[in-house]
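Chain and residue survey
Here is how the chains run, residue by residue.
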Amino acid sequence: MTVETALPLMVALPIIAAGLTAFARRRRWWTTTLLLLVQVGLFAAAIALVVRTSDGDVLAHQVGGWIPGVAIPFVVDAFSALMLTVSGGLILVCTMFALQVETGRNRFYAPLAMVLQAGVNGALLTGDVFNMFVFIEVMLLPTYGLLVLAARRRGTRASVVGSRLYVTYNLFVSTLFLAGVAMLYGTAGTVNLGELAGAAVEDPWVAAAAAVCLFALSMKAAVVPVHGWLARAYPSTSPAITALISGLHTKVAIYAIYRLYAVIFEGDERFLWIGVVLFSATMLIGVLGAVGEDRMRSILAFHMVSQIGYILLGVALFTPFGLTAGIAYLLHHMIVKASLFLSTGAIEERFGTDRLSELKGRIGKEPLLALAFGAAAMSLAGIPPMSGFVAKFSLITATFQAGWIIAAVIALIVSLITLQSMLKIFNGVFSPTIKGHPAPSGGGTAGPATPAPGAGTAGGATTEVLASAPALPRPTRLALASPALLLAAVSLMLGLGGEGLLSLAETAAANLYDTSGYVEAVLR
Amino acid sequence: MILALIVGVLFAGAVYLMLQRDRLRVILGFVLLGHACNLLIFSAGGTARREEPLGSNPDPSITADPLPQAFVLTAIVIAFAITVYLLVLAVTGSRAEDVEEELAPDGSSPAAVGTLPDRYDAFGESAGTTDPHSPGDGPWTDDSTSAVIAAPTGESGRVEQTGGGDR
C-alpha cells in the first residue's frame, strides 16, 4: 500500500470512527479514546505528508482505479499537506479544550467532530470541483449540529438563532457554488481540476462560470461586503465550537479560492485588481467593525474578517512571493485565531459571559491566560518575535513589490487598529493581572459592593460575598489554559523559526504558481 | 429553452420567497432554489442535443450525459437534509429570540410546558387557527389551545394552570 492509495483513508477513517462512536448511548471512555486516537493519527499522517511533499512532489490517487479524468482524484501537494497538518492540529487542540467543558461532554461531540474533520480533509485533498462541493457540505452538516450543542441553558436559545442564520446563509452560498459548478460543467465539459487547468484563460465562458464558484467561495470566506453573517453567527455558539470552526470553515474556503484561481485561471492577471480591491476593503471594514463591539468573541470575529482580507491579498497579488506570504499568513492566522478564541473561551466558560463591560471587576489574576492571550494578540497585530510579524512583513513587502502601494498602506493602518482592539480586550480582562486588583466598587453593579481584598469583615459576610459576587476568583487552572498556551507557543516557534515557515510556504506557492506538476499528477 | 425558462421562474420565485419575513416561506424559497439549481445542472448536460440511452448499441456522443444526473442526485440528498434541519430550527426557539438575555436568567426551565407555545408560534398567527391537535387528543392538547398561544411566554406556568382548570 503506497502513500497515494492511503490518501482516501484521511477521509474514510474519521467517518468510520464517527459511525462507531455514534452508537454509544453516552460519552464513554472508549469514545473519547477513539476520538483522540483518530485525531492524533490524522495529525501524524498529515505531518508525514508534509515531509513527503516538502520537495515539491505531488501525489495523486484515482479513487476506485478508474482512468484519470473519469475517476475522482485525491491529490496532495505541499499546500494541502500544510493545511491538513494545521487543521488537524487545531481540531486536536480544540478537542482538548472542549472535553474539559460542557460542550465535549455531550455524546454527540465525538462523532460530529470526526465527520467535520473528514469533510475538511476531503475538501483539502480532492481534485474535483463537484467533489469539493460535496466535502464542503460534509464539513458543514456536522457543524450545524455542533452549533446547537451548547448545553448551557443560557446559550441554547441564542445558539438556535445563530444556527438559523448560519444554516440559511451557508445553504444559500452552497447552492450558489453548486450553480457555479453546473455552469463550469456546462461550459468546460468537466469538473476535474486537472482537465480544467487554464481553461478560464482560453474561454471567457469558463471564466464566467468559475467566477461564480469563486464568488460563492468568497462569500463562504466572509469577504466584504458579505461579512456580517460571520460576526453574528460565530459568537452565538459555545466558545469551544467557535474556536473549532474559526480555524476550519473560512480557511477551507480560502484554500479553495487559492486552488481554483491558481489552477483554473492560472493566475490570470486581468482579474487580479478585483481581488485587490475587495480584499483591501475586507481588511479595512472588518477591523472597523470590531471597534464598536463589546463582546470579546464579536471583536475577534470582526478581526477574523479583517485578517481574511490579508490572507486573500496573497492570491490577489499572484506573484511567487505574494503567494508564499499569503500561505504563511493563512497558516499563522489559523493557529493564532484559534488561540485567541480559546483563551477568551476559557474566560467565558468560567464567568459565563464574554461582554467586557460585565467582566470588568469580576476577574482576578489570570497569569496563564494573560500570557496566552497577550502573545497571540501580539502575533495577530504583527509584532516580533511572533509568527504574525514574519507573515505580515512578507505580505506587505510582496504587496509593495507588486506595485499595490495603497493596499500595503491599508494593511499597515489596519495593523494599528488591530493592536488597539487587542489592547481593549487585554485591558478589559487582564488588567488585574498586571496592575493588581482594583477596588471593585466601580465594577460592582448593584448588590454587595464590598471592597473584597481590604475589608476584614466577619466570616459569614465574607462567604456570602464570595458566593454572590466572585470578586476574587482563582486563576484558571493550567489544563483549561493549556490549549491556548500551546497554540501561542506554536506561534512563537513559527515566528522564531520564520525561515522554516516561509520555506515550506514557498514550496506550496511554487506548486500554485506553476500548476504543471499538479495537473500532471491528477491526470497521470 | 423550456428548461431555461423553468430555471428562471424557479429562481425568481425562490428570491421572492426568501425575501419574505416568515420563516416557513424562506425555507420554501430554499426548496425552490434547490430545484432551480438541480435543473440548471441538468441543462449543463446538454439536454437539447442528447437523447435517452435506449437501444442495443447507443452512441455515447448523443445519449444523455449520466454525470449531471449523478450530480443532481447528490445535490438533492444534501439539500433535502439541510431543508429538514432548517425546518427543525424554524420550530425551535421562540418569537422572543431577540431578548434571550432577559429570558435566560429568570430560572424558568425551557423544557416541556414552557417551550410548547413557542413551538406553535413559529409559524405565525396561522398556528392558532389551524391547530394540529383536536381537543382531548393527547397530553399536549391543553397547551396547544389558542388560550395558551395568546399568552405571553413569561407567564406560561400560570396559563398552564388555567388550562388545566378549564378541563
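Residues numbered from 1 in each chain as written. Chains lettered and ligands numbered in written order. Predicted model: local features only at pLDDT ≥ 70, side-chain atom pairs only at ≥ 80, totals over all residues.

1. Observations concerning the overall build of chain A
This is how it is decided: Numbering of helices and strands starts at the N terminus; helices are DSSP runs of H or I of at least 4 residues and strands are runs of E of at least 2. Each residue is classed by its C-beta neighbour count within 10 Å, where at least 20 other C-beta atoms makes it buried, 12 or fewer makes it exposed, and intermediate counts make it partly exposed; the C-beta atoms are placed from backbone geometry. We call two residues in contact if the C-beta atoms placed from their backbones are at most 7 Å apart.
From N to C terminus, chain A includes 25 helices and 2 strands. C-alpha atoms of chain A, sized along the principal axes, occupy 80 × 55 × 40 Å. Within the span of chain A, comprising 524 residues, buried residues form 61% of the whole. Here the analysis covers contacts within chain A between residues at least 6 apart in sequence; of these, 78% occur between residues at least 24 apart.

2. What about the overall build of chain B?
When its secondary structure is counted, chain B shows 9 helices and 0 strands. For chain B, the sequential pattern of α-helices and β-strands runs α-α-α-α-α-α-α-α-α. When burial is assessed residue by residue, chain B has 22% of its 167 residues classed as buried. Considering only contacts within chain B whose residues lie at least 6 apart along the sequence, 55% involve residues at least 24 apart.

3. Some thoughts on the nonpolar core
All names here are of chain A. Applicable threshold: Note on terminology: a nonpolar core is any set of buried Ala, Val, Leu, Ile, Met, Phe, Trp, Tyr and Cys residues joined through C-beta atoms within 7 Å.
The biggest cluster of nonpolar side chains holds 225 residues, and the ones touching the most others in it are Val181, Leu184, Ala210 and Ile257. The greatest single-element share of this core, amounting to 17 residues, is contributed by helix 17 (residues 320-351). If we skip the residues at most four places from it in the chain, Ala210 touches Leu184, Ala200, Leu260, Ile264 and Phe265.

4. Brief notes about unusual backbone geometry
All names here are of chain A. Here Val224 and Pro225 are connected by a cis peptide whose omega angle stands at 10°. Checked against the element boundaries, Pro225 lands in the loop between helix 11 (204-220) and helix 12 (228-233). Here Pro384 and Pro385 are connected by a cis peptide whose omega angle stands at 5°. Following the sequence through the fold, Pro385 ends up in the loop between helix 19 (367-381) and helix 20 (387-401). One non-glycine residue, Phe318, adopts positive backbone phi at about 50°. On the secondary structure map, Phe318 appears in the loop between helix 16 (296-317) and helix 17. Given 24 C-beta atoms within a 10 Å radius, Phe318 is considered buried.

5. Comments concerning the interface of chain B and chain A
Cut-off, in case you're wondering: For this classification, Asp, Glu, Lys and Arg are treated as charged, while Ala, Val, Leu, Ile, Met, Phe, Trp, Tyr, Cys and Pro are nonpolar and the rest, including Gly, are polar.
Across the boundary between the two partners, chain B contributes 27 residues, which contact 23 residues of chain A. If you list the elements that add at least two residues to the side of chain B that touches chain A, you get helix 2 (23-44), helix 3 (66-91) and helix 4 (100-103) of chain B. The biggest single contributor to the side of chain B that touches chain A is helix 3 of chain B, with 10 residues. Residue composition of the side of chain B that touches chain A, grouped by class: 19 nonpolar, 6 polar and 2 charged.

6. Quick look at the environment of Leu36(A)
Residues and elements named next belong to chain A. Note on placement: Leu36 falls in helix 3 (residues 29-53). The class of Leu36 is partly exposed, set by 15 C-beta atoms lying within 10 Å. Residues Leu36 and Phe318 lie 282 residues apart in sequence; the distance between their C-alpha atoms is 38 Å.

7. Some remarks on the pairing of strand 1 (residues 59-62) of chain A
Residue and element names in this part refer to chain A. The test is simple: Should DSSP find at least two bridges between two strands, the strands are taken to pair.
On strand 1, burial covers both faces: Leu59 and His61 on one face and Ala60 and Gln62 on the other are all buried. Note: strand 1 against strand 2 (residues 73-76), 4 bridges, orientation antiparallel. Bridge pairing links His61 to Phe74 in strand 2.

8. What to know about the packing of helix 3 of chain A against helix 6 (residues 109-125) of chain A
All names here are of chain A. Where we set the bar: Inter-axis angles, ranging from 0 to 180 degrees, are taken between N-to-C directions of lines fitted to C-alpha atoms, where helices are fitted over the stretch in contact. Working definition: roughly parallel below 35 degrees, roughly antiparallel above 145 degrees, roughly perpendicular at 65 to 115 degrees, and oblique for all remaining angles. Left-handed describes a crossing whose near helix is turned anticlockwise from the far helix by less than a right angle; the clockwise case is right-handed.
Between helix 3 and helix 6, the shortest axis-to-axis distance is 10 Å and the interhelical angle comes to 15°. Comparing their axes, helix 6 and helix 3 come out roughly parallel. As helix 3 packs across helix 6, the resulting crossing turns out to be left-handed. Residue-level inspection shows Thr31, Thr32, Leu35, Val38, Gln39 and Leu42 of helix 3 in contact with helix 6, the latter providing Ala110, Ala113, Met114 and Gln117. Grouping the amino acids of the contact of helix 3 with helix 6 by side-chain chemistry returns 6 nonpolar, 4 polar and no charged.

9. Structural notes on helix 21 (residues 405-435) of chain A
Along an α-helix, a turn takes 3.6 residues, which lines up residues three or four apart on a common side. What counts here: Bend at a residue means the angle formed by two fitted axes: the first through the 7 residues ending at that position, the second through the 7 residues beginning there.
At Val429(A), helix 21 of chain A shows its maximal kink, close to 60°; a proline, Pro432(A), follows between one and four residues later. After helix 21 of chain A finishes, the residue Gly436(A) shows a positive phi value of roughly 85°.

10. Some remarks on the environment of Met378(A)
Residue and element names in this part refer to chain A. Summarising the element assignment, Met378 is placed in helix 19. For Met378, a count of 23 C-beta atoms within 10 Å puts it in the buried group. A sequence separation of 183 residues divides Met378 from Glu195, and the C-alpha atoms of the two residues are 44 Å apart. Excluding residues that lie within four positions of it along the chain, Met378 makes contacts with Ile383 and Met386.

11. Looking at the packing of helix 1 (residues 2-18) of chain B against helix 2 of chain B
Residues and elements named next belong to chain B. The geometry of helix 1 relative to helix 2 is characterised by a closest axis approach of 8 Å and an angle of 160° between their N-to-C directions. Between helix 1 and helix 2, the crossing angle belongs to the class labelled roughly antiparallel. Where helix 1 crosses over helix 2, the handedness of that crossing is left-handed. When its residues are assigned to classes, the contact of helix 1 with helix 2 shows 18 nonpolar, 4 polar and 1 charged.

12. Here we look at the environment of Pro239(A)
Residue and element names in this part refer to chain A. Mapping Pro239 onto the fold places it in helix 13 (residues 239-246). Pro239 sits 45 residues away from Leu284 along the chain, and the two C-alpha atoms are 26 Å apart. Ignoring sequence-local partners within four residues, the contact set of Pro239 consists of Phe341, Gly345, Glu348 and Glu349.

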